[in-house]
Each structure stands twice: as structure tokens, then as C-alpha cells.
Amino acid sequence: MILIIGYGSFGRKVVNYAKILDKVVVIDKNASVFESLEKVDFNYIVGDASEKETLIKANIQDADTILVLTNEYEINKKIAELVSELNPKGYLIVRGIVKYPDLYSGIDVNKIIYPIECAAKEVIHEIEKSKLRRKLMDLKEIVMDVKVRHNNTTSENSKLLENNENSNRNVPFLIVMHNNPDPDSIASAMALKRIMGKWGVDADITYGGKIGFDENKAMVNLLGVKLTHIDNVNLENYEGIAVVDASSSKVLPIDTKTHKIDIIIDHHDNGDLTADYMDIQPDIGAASTILTGYLIHLNMTPKQDLATALYYAICTDTNYFKRKTSKKDFEAAGYLQDLMDPKTLEMIENPEMDTETMEILATAIINRKIIRSSIALSYVGMIKNRDALPKAADFLLKMEGITTTYVFGISENKIHISARTKDLRVDVGDIMKRAFGGGGHQNSAAASIDLGIFESVSDKDSLRTLVEEAIQTKILEVMGIGESGEKPN
Ligand SMILES: [Mn+2]
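Everything numeric here is computed off the predicted structure, so don't read it as measured data.

1. Re the coordination of the manganese ion
Piece 1. At the metal site, the manganese ion is ligated by Asp184 (OD), Asp245 (OD), His267 (NE2) and Asp317 (OD), and these contacts range over 2.1 to 2.3 Å.
Piece 2. When its relative accessible area of 0% is taken as the criterion, Asp184 is described as buried.
Piece 3. Judged by its relative accessible area of 7%, His267 falls in the buried class.

Encoded structure:
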């Protein structure tokens, strides 16, 4: 049984819903509130609920839930006291007032509700929705404008087009990802392309640098994402440019001085670019979260491939929710989790390792030199695939007792060094910078230096000794550690 005390406008609403759930008994001291009812399909008692007798008459001991909803707060408090005394097992919900947050202190109340605040929150939620609606209207307008401009130029050049089979002229938009695109940029580009597609506007996706990391390659291959390297793109063929997961000219493969950007959707706060449409939300952990919000608002339930890409993107950009993660990132990931394909995700996260990488990992373990029992240095010799170095540096970090790793090898007349640490007192970014002019973060960094005079050394073993010596000495010097493991004076 649900006992509801107070049959005002709020109580009335609650009674209407509660009737569906269970038998309802209502108490109100004012008989007239019941008289106006056409049909009364619940039990009620006219009386003062702040008096014990009234509550007993309503069989308070049988109530599973008791709601105290009058708008007289002192009376609510008195009733709550009585209720918790007469039916301590019942779930007690009371109406509160923000002005007096301590009103019910000392009383065993299960839940205090603030009806006005609830309504206000809902309004705010609607305002947010209306803002997003407006944003997406603006986005659509810009996309459609580009399409119109594109159609005009295309018809002007139609004769030219007939003679040029390689022309991309029928695709108006180019979505540009940052150099060496990561999962967030790839997924965001995929989502934006889908959205444009829904509006009847085609887009190509391009990137600069390379798609590094086996996980990213696996993502592109397994999800069948069509990407074109910027070197194979003729920018003049496109009428509009959209940029995702970036807003800084430094990380883009196009000259932003000569090419106008129409759309920027990003979550970084260090941007220097502007566009007709800009949605930059630095509080959010991944650009894919912003685009997931777009898809939801547009009623475009993402298909499995896109859902998997967006989910993986949010996971990696927030480092599996350990880095900067907002409520919206969690909500988007929760929404996508039901739509993505866990098997594909598993394959993306654990891509097959090529033989060379495995060999380099093995060499890194065999060749390791341990300094001060926590620093591992390892020279892996000549390598074809530089991506293996950071993997080897990560891998060595898993060894017991090792907190800082440096793995280096030679490729294309350069010595490449990858450094990792889980020791917060060590800043490998700074060490790589000071030692070799490299860079990175506190916990992961890299550097490349010319082989220089070592290039003339043809004997493999001598080269090994020289390179190993030189790199090791420099690193330890910058770290302030002598080879014996002691700090030099
Ligand atoms: Mn991102």
C-alpha cells in the first residue's frame, strides 16, 4: 500500500501515477479537495496527518511507501517524525524546500524531493536539446550551401569533367583528420560523413602522416573505412572542408592559410583555426562523444561499424575512462555499447603482431641492460619498422621492478629512441628533449638523431658498441646518473 499525505496539485499528480503501481490511500485535512473529483478510485481519509490517530486510521503500519507532500514544511516535518515512529520499516519520501536543507535532519527519511527543482532541471535539459537542435540546423545549412556551390561549379565545368575521368568533382566535401590520425579522428570523420550522407552530401576522408599503431590499422581494415592520403588528394576538387578532432593548424596536413575551413568539430582547447561552423567542447574527452550526440539527436542510430568505431574512439581518447572523462562521454559510451560489435572491438584492441615486431620485442628483452635495478636500456640493432620501438619500450616496462625504459635502434641512417616511464619523478619527455632534441610527454617520449660519423662504421659489432655506448652515456648523463648507478658529484 502507498500512503500519500497531501492532495494538493503535486499530490494529485503523484496519486495518478501511484494508482497504477499499488493500492493507494490518501490523507488530506481539507474535505473539499476530494469533493470536486468525478470519480474516486482510491481510499482517502479527511484528517490532520500530524495527529497520530489520523495515521493509524489510515493503516499506516501496512504502508510500504509513505509520501509526505503538503506544501507546509513545518507540518511535513511533524508528520515525518510521526511516520518514522509508527512505521519505521516504510520507505519515507518527503517534500523538501531548498531554502531549509536541514529541515528533516535527525529524522529517518529515505528520500527528500524538490518538485520545483526537478521541473527546472527538466527545463534545462530541454534548453540543452534546443541548443543542439539549433547547432545541427546551422551545420546542415552550411553543408547544404557547400552542396549548392559545388553543383554550380560542377555544371560550369561539366564539359571539362567529361574529359577528365579521374576527377573527384562529384564529391563536394573533404573531411580532414589530423596528421597520424588516431581512433577518435577516424571515428569522428566516419560519423560526420554519415551525417552528411543523410543530407545527401557526399564526402571523402583524408589524412596526413601515416596510420601508425597496429590497433589503428586494424580499426581501418576491420571496419572497412575508406581513407585517402593527402598526397593523393587534389584539394581543388572539393568545395568544402571539414576538420574533426583538431582545431590547430599545426596538426593538419593542409595549408589553412590558403584553404578556408567550413566546419570544425573538436574537443581540444588550443586551436588557432576558425570556421563558419565551430563546435569545440574542451570539457569532453573525445570528439566522438560530440558526434555521437549529433547522431542521437538526428535519430540516426549508428550501424554496428560506426558504433564500434565511436565506442573504441571514446575508450582510447579517455584511456578507458581513466583520463579526462565527462558525464557525456560515459553516456555516449553507454549508448554505443549496445550497438557495437564486441568481437570486432576485441580484434581491433588485440591486432596480430607481425614477425618483425615480435623479433624486436625479443631482442629488446635479450639485450636489456638494467641500471640502478629500475632503468632498462636496450639496443635492438637495425630495424625496418620503427613502430616496434615504442612497443618494445612499453613491453620492457612490464618487467618486474622496471620503471623506466629506453629502446633504440637504427633505421634509415638515424638512431631512433623510444622512452617510457611509470615513475612520476622521471620526465622522459624532458630527458629526450635535453639529450637528443626529441620530445613527448612525462611518461612517453621519443627522439631521432642522425647516425652521423657512425655511418662509416661498417662492422656490425663495432657499430653496436659505439651506438650503445653513446646513447647510454648521454641518457644517464641527462638523468644525472653515473654508469655505476651512483649520481656523479
Ligand atoms: Mn580526440
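That was the structure; now back to the text.
2. Focus: the pairing of strand β16 (residues 414-421)
Piece 1. With seven of eight residues buried, β16 lies mostly within the body of the structure.
Piece 2. Looking at chain direction, strand β15 (residues 404-411) and β16 are connected through eight bridges and run antiparallel. Across the sheet, residue Val407 finds its bridge partner in β16, namely Ser418.
Piece 3. Taking the residues that link successive antiparallel strands as the turn, the β15-β16 hairpin has two residues, and the phi of Glu412 there is positive, at about 50°.
Piece 4. With seven bridges connecting them, β16 and strand β18 (residues 444-450) associate as antiparallel partners. Within the sheet, the bridge partner assigned to Arg420 lies in β18 and is Ser444.

3. Section: helix α16 (residues 460-479)
Piece 1. The first and last C-alpha atoms of α16 sit 28 Å apart over 20 residues, in line with the 28 Å expected at 1.5 Å per residue.
Piece 2. Considered for burial, the residues of α16 that qualify are Leu463, Val467, Glu468, Ile471, Gln472, Ile475, Leu476, Val478 and Met479. Angularly, the buried residues of α16 cover 160° about the axis, an arc narrow enough to put them on a single face. Those residues of α16 that are exposed and aimed more than 90 degrees away from the buried face are Glu469 and Glu477.
Piece 3. Just past α16, the residue Gly480 takes up positive phi, approximately 80°.

4. Notes on the side chain of Ser326
Piece 1. Inspection of the secondary structure puts Ser326 in the loop between α10 (304-317) and α11 (327-337).
Piece 2. Residue class for Ser326 comes out buried when judged on its relative accessible area of 14%.
Piece 3. Discounting chain neighbours no more than four positions away, the residues touching Ser326 are Asp283, Ile284 and Gly285.

5. Structural notes on the pattern of salt bridges
Piece 1. Per the stated rule, a full pass over the model turns up 23 salt bridges.
Piece 2. Here Asp262 ties to Lys260 by a salt bridge, and the two come within 3.1 Å at their closest N and O atoms.
Piece 3. A network of salt bridges, in which partner residues are shared, links Arg149, Glu239, Lys260, Asp262 and Asp276.

6. Some details on the domain arrangement of the protein
Piece 1. When cut into domains, the protein gives domain 1 (2-113), domain 2 (130-158 + 169-349) and domain 3 (355-479).
Piece 2. Put simply, the middle of domain 2 and the middle of domain 3, counted by C-alpha atoms, are 35 Å apart.

7. Comments concerning the packing of aromatic side chains
Piece 1. Per the counting criterion, the structure on display carries six aromatic pairs.
Piece 2. Between Phe321 and Phe330 the ring centres are 5.1 Å apart and the planes differ by 20°, which places this aromatic pair in the stacked class.
Piece 3. Cluster of aromatic residues (ring-pair linked, three or more members): Tyr7, Phe34, Phe42 and Tyr44.

8. Some details on a nonpolar patch on the surface
Piece 1. Side chains of Tyr17, Ile20 and Leu21 sit close together on the surface and give an oily, nonpolar patch of about 440 Å² of accessible area.
Piece 2. Counting through the fold element by element, Ile20 comes out in helix α1 (residues 9-21).
Piece 3. Given a relative accessible area of 68%, Ile20 falls into the exposed group.

9. Digging into the confidence of the model for the protein
Piece 1. Per-residue pLDDT for the protein averages 91, and the proportion of residues at 70 or more is 96%.
Piece 2. In this model residues 163-168 is a low-confidence stretch, pLDDT under 50, and it forms four contacts with partners more than four residues away in sequence or in other chains.
Piece 3. Here residues 485-489 is a poorly scored stretch, pLDDT under 50, and it has nine contacts once near neighbours within four places are set aside; other chains count.

10. Details of the sheet that holds strand β12 (residues 277-280)
Piece 1. On the basis of which strands lie adjacent, the open sheet formed by six strands has the order β9-β8-β7-β10-β11-β12 and parallel pairing. Looking at strand neighbours, the two that pair on one side only are β9 (228-229) and β12, the edges of this open sheet.
Piece 2. Packed on one face of the sheet, helix α7 (residues 183-198) meets β7 (173-176), β8 (203-207), β10 (240-244) and β11 (263-266) and runs near 140° to β10.
Piece 3. Here helix α9 (residues 287-297) sits on the sheet and contacts β11 and β12; the angle it forms with β11, its principal contact strand, is near 115°.

11. Observations concerning the environment of Asp255
Piece 1. With respect to the helices and strands, the residue Asp255 is situated in the loop between β10 and β11.
Piece 2. A residue is classified by how much of its surface remains accessible, and Asp255, at 40% relative accessible area, is partly exposed.
Piece 3. As a C-alpha pair, Asp255 and Ala120 span 135 residues in sequence and 47 Å in three-dimensional space.
Piece 4. For Asp255, the side chain forms a polar contact with the main-chain nitrogen of Lys257, separated by 2.9 Å.

12. Section: the side chain of Asp317
Piece 1. With respect to the secondary-structure elements, Asp317 resides in helix α10.
Piece 2. Buried charge without a salt bridge: Asp317, with Arg323 as the nearest opposite-charge side chain at an N-O distance of 5.4 Å.
Piece 3. Separated by 3.1 Å, the side chains of Asp317 and His267 make a polar contact.
Piece 4. Those residues in contact with Asp317 that sit more than four places away from it in its chain are Asp182, Asp184, Asp245, His267, Gly285, Ala286 and Arg323.

13. Looking at the nonpolar core
Piece 1. Of all hydrophobic cores here, the largest spans 56 residues; its most connected members are Leu139, Phe173, Ile175, Leu192, Met196, Ile263 and Tyr294.
Piece 2. With nine residues, the top contributor of residues to this core is α10.
Piece 3. With sequence-adjacent residues up to four places away left out, Ile175 is seen in contact with Ala189, Leu192, Lys193, Met196, Ala203, Asp204, Ile205, Thr206, Ala242 and Val244.

14. Quick look at the packing of helix α15 (residues 428-436) against α16
Piece 1. One can describe the packing of α15 onto α16 by two numbers: an axis separation of 9 Å at closest approach and a directional angle of 120°. By the angle between their axes, α15 is oblique relative to α16. Classified by chirality, the crossing of α16 by α15 is right-handed. Contact residues: Ile431, Met432, Arg434, Ala435 and Phe436 in α15; Ile471, Lys474, Ile475, Val478 and Met479 in α16.
Piece 2. For the contact of α15 with α16, the per-class residue count stands at eight nonpolar, no polar and two charged.

Cut-offs and rules
- Counting restarts for each chain, with residues numbered from 1 along the sequence as it is written.
- Thresholds applied to this predicted model are a pLDDT of at least 70 for local features of residues and 80 or more for the giving and counting of side-chain atom pairs; totals over whole chains, interfaces and linings are not thresholded and use all residues.
- Processing note: side-chain calculations cover all non-hydrogen atoms of the structure and skip hydrogens and water entirely.
- Coordination here is defined by N, O and S atoms within 2.8 Å of the metal (3.2 Å for Na, K and Ca), and since water is not considered, a site can look incomplete.
- Only protein chains enter the calculation, and the probe is 1.4 Å; a residue is then buried if its accessible area is under 20% of its type maximum, exposed if over 50%, and partly exposed in between.
- Each helix is a run of DSSP H or I of at least 4 residues and each strand a run of E of at least 2, with the numbering of both proceeding from the N terminus.
- Any two strands between which DSSP finds at least two bridges are classified as paired.
- How far a helix is expected to stretch is found by multiplying one less than its residue total by 1.5 Å.
- What the arc measures is the spread of directions leading from the helix axis to the C-beta atoms.
- It only takes one pair of heavy atoms within 4.5 Å for two residues to be counted as in contact.
- Whenever Lys or Arg places a side-chain nitrogen within 4 Å of a carboxyl oxygen from Asp or Glu, that contact is recorded as a salt bridge.
- Boundary definitions for the domains trace back to an automatic or database domain assignment.
- Between 30 and 60 degrees the pair is tilted, below 30 it is stacked and above 60 it is edge-to-face, where a pair is any two Phe, Tyr or Trp rings, Trp via its six-membered ring, whose centres lie within 6.5 Å.
- Residues enter patches when their relative accessible area tops 30% and they take part in no salt bridge; the joining distance is 9 Å for like charges and 5 Å for the nonpolar side chains Val, Leu, Ile, Met, Phe, Trp and Tyr.
- Here the open area of atoms and residues is found with the Shrake-Rupley method and a 1.4 Å probe, where only the protein chains shown may cover a residue.
- A score between 0 and 100, pLDDT records how confident the predictor is in each residue.
- For helices, the axis comes from a line fit to the C-alpha atoms of the stretch in contact; other axes are also lines fit to C-alpha atoms, and the angle between any two N-to-C directions lies between 0 and 180 degrees.
- Nitrogen and oxygen atoms within 3.5 Å of one another constitute a polar contact, given that in protein one can donate a hydrogen and the other can accept it, and given that sequence-neighbouring residues count only through two side-chain atoms.
- As used throughout, the charge tally considers Lys and Arg to be positive and Asp and Glu to be negative, leaving His and the chain termini uncounted.
- In these notes, a set of buried Ala, Val, Leu, Ile, Met, Phe, Trp, Tyr and Cys residues joined through side-chain atoms within 4.5 Å is what counts as a nonpolar core.
- Convention used here: angles under 35 degrees read as roughly parallel, angles over 145 as roughly antiparallel, angles from 65 to 115 as roughly perpendicular, and any remaining angle as oblique.
- Helix crossings are classified by the rotation of the near helix relative to the far one: an anticlockwise turn of less than a right angle makes the crossing left-handed, while a clockwise turn makes it right-handed.
- Following the grouping adopted for this structure description, the nonpolar residues are Ala, Val, Leu, Ile, Met, Phe, Trp, Tyr, Cys and Pro, the charged ones are Asp, Glu, Lys and Arg, and the polar ones are all others, Gly among them.

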